[in-house]
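# Tertiary structure, described
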Amino acid sequence: MDINDLTDKILDNLSNDGTRWEDSLTPTDPEYMMHSPIPVGYNTIAEQRFLMQNLLIGFNGGSLLDIGSGRCDLYDVARELAALNNDVVFYSAIDHNPIMTALGEEKWGLQGIKVGAFETSKLDSHHWVVASGVFTQRRCETEQEDLTKVFSDIDILYNIAEQVVSFNLLSPINTTHHEGFLYIHPGLMLDMLIEKYQHVMIRHNYSKDVYTVLIYKF
């Protein structure tokens, strides 16, 4: 399946109502942490899956490293995309929250999900390196320091990726800004990434708030 066909499939999925039982779970339900989209930062399962599919456009299978994996839901999307090409995904992940990594291992039958900070952990190279939601919160005292930190972290991801790095960011354009969150103009991001890495794509195609960046190494 080529990228255009896959994009059409993703958009078709988003256009459907897509309401699932997970969306109706509340914090008092025992399955809330395991299955609800809300604890991992989404309003609905359809929204979560579309964002993850957008991060993986062009993924045909192979090894994938999920940075800031949370509950490891990206594994399920990657597995489906690989299957469309009669391939499999060799999934690895790291997250700083041991509760979420334990949920991910239980939910998907995974083993060996790392707990820690990706910046200081020893990570093997993978075909794809994906960081969903990692760069949405401010981590430094000033915006300039935050920007420097983001580009330093992107470089870490680029150096362990063999084919593609993908991640998402918050856009400052026509959106409400919330305290503690980091907004980076997509034009600035594109200019700086092309200057350093050359082969870059930005997809501002599904939300006023969030855009996706892909850096190619092939």
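Residues numbered from 1 in each chain as written. Predicted model: local features only at pLDDT ≥ 70, side-chain atom pairs only at ≥ 80, totals over all residues. Heavy atoms only, no water.

This part is about the environment of Ile 99. Assignment of secondary structure puts Ile 99 in helix α5 (residues 98-108). Sequence-wise, Ile 99 and Arg 71 are 28 residues apart; in three dimensions their C-alpha atoms are separated by 8.8 Å. (Helix = DSSP H or I, 4+ residues; strand = E, 2+ residues; numbered from the N terminus.)

Right, let's talk about the packing of aromatic side chains for a bit. As enumerated under the stated definition, the model contains six aromatic pairs in all. Plain terms: the ring middles of Phe 135 and Phe 167 are 5.6 Å apart, the flat faces sit at 85° to each other, and that makes the pair edge-to-face. Of the two residues, Phe 135 sits in the loop between β4 (126-131) and α6 (143-160) while Phe 167 sits in strand β5 (residues 161-170), which places them 32 residues apart along the sequence. Owing to a relative accessible area of 0%, Phe 135 belongs among the buried residues under this scheme. Relative to Tyr 197, the ring of Tyr 158 has its centre 4.3 Å away and its plane inclined at 35°; by these criteria the two rings are tilted. Of this pair, Tyr 158 sits in helix α6 while Tyr 197 sits in helix α7 (residues 186-197), and the two are 39 residues apart along the sequence. Comparing Tyr 158 with Tyr 197 shows no difference in burial state: the two are buried. Through successive ring pairs, a cluster of aromatic residues spans Tyr 75, Tyr 91 and Trp 108. The ring of Tyr 158 carries the charged tip of Lys 217 above its face, separated from the ring centre by 4.3 Å. (Phe/Tyr/Trp six-rings, centres within 6.5 Å; stacked < 30°, edge-to-face > 60°. Buried < 20%, exposed > 50% of the residue type's maximum accessible area, 1.4 Å probe, protein only. Lys NZ or Arg CZ within 6 Å of the ring centre and 35° of its normal.)

For Asp 76, the position within the fold is in helix α4 (residues 73-84). At 2.7 Å, the side chain of Asp 76 forms a polar contact with the side chain of Arg 79. Asp 76 has contacts with Arg 49 and Trp 108, leaving out every residue within four places of it along the chain. (Polar contact = N/O pair within 3.5 Å; in protein donor to acceptor, adjacent residues only side chain to side chain. Contact = heavy atoms within 4.5 Å.)

Next up on the list: the sheet that holds strand β2 (residues 89-95). Sheet architecture is open: seven strands sit in the order β3-β2-β1-β4-β5-β7-β6, paired in mixed fashion. The strands lining the two open edges of the sheet, one partner per strand, are β3 (114-115) and β6 (200-203). Examined bridge by bridge, β4 and β5 share five bridges and lie parallel to one another. Counterpart to Ala 131 in the pairing with β5 is Phe 167. (Pairing = 2+ DSSP bridges.)

Moving on, we get to the pairing of β2. With five of seven residues buried, β2 lies mostly within the body of the structure. Direction of pairing for strand β1 (residues 62-67) relative to β2: parallel, over a ladder of six bridges. Among the inter-strand pairings, Asp 66 is bridged to a residue of β2, identified as Ala 93. Each parallel crossover has a hand, and the one from β1 via α4 to β2 is right-handed. Examined bridge by bridge, β2 and β3 share two bridges and lie parallel to one another. Opposite Ile 94, over in β3, you have Lys 114 as the bridge partner. The parallel pair β2 and β3, bridged by α5, forms a crossover whose chirality is right-handed. (Right-handed = clockwise from strand over helix to strand, strands pointing away.)

Glancing now at unusual backbone geometry. Non-glycine residue Cys 72 carries a positive phi angle of around 65°. Mapping Cys 72 onto the fold places it in the loop between β1 and α4. For Cys 72, a relative accessible area of 0% puts it in the buried group.

A few words on the pattern of salt bridges. When their charged atoms lie close together, side chains carrying opposite charge are able to pair. Here the structure, examined in full by the defined rule, presents 12 salt bridges. Residues Arg 139 and Asp 153 are paired through a salt bridge, measuring 2.9 Å at the closest nitrogen-oxygen approach. Taken together, the residues Arg 139 in the loop between β4 and α6 and Asp 153 in helix α6 connect sequence positions 14 residues apart. With a relative accessible area of 35%, Arg 139 lands in the partly exposed category. Among the ionic pairs, Lys 196 bridges to Asp 155, the shortest N-O distance being 3.2 Å. Of the two residues, Lys 196 sits in helix α7 while Asp 155 sits in helix α6, which places them 41 residues apart along the sequence. Taken together, the shared-partner salt bridges connect Arg 49, Asp 76, Arg 79 and Glu 80 into one network. (Salt bridge = Lys/Arg side-chain N within 4 Å of Asp/Glu carboxyl O.)

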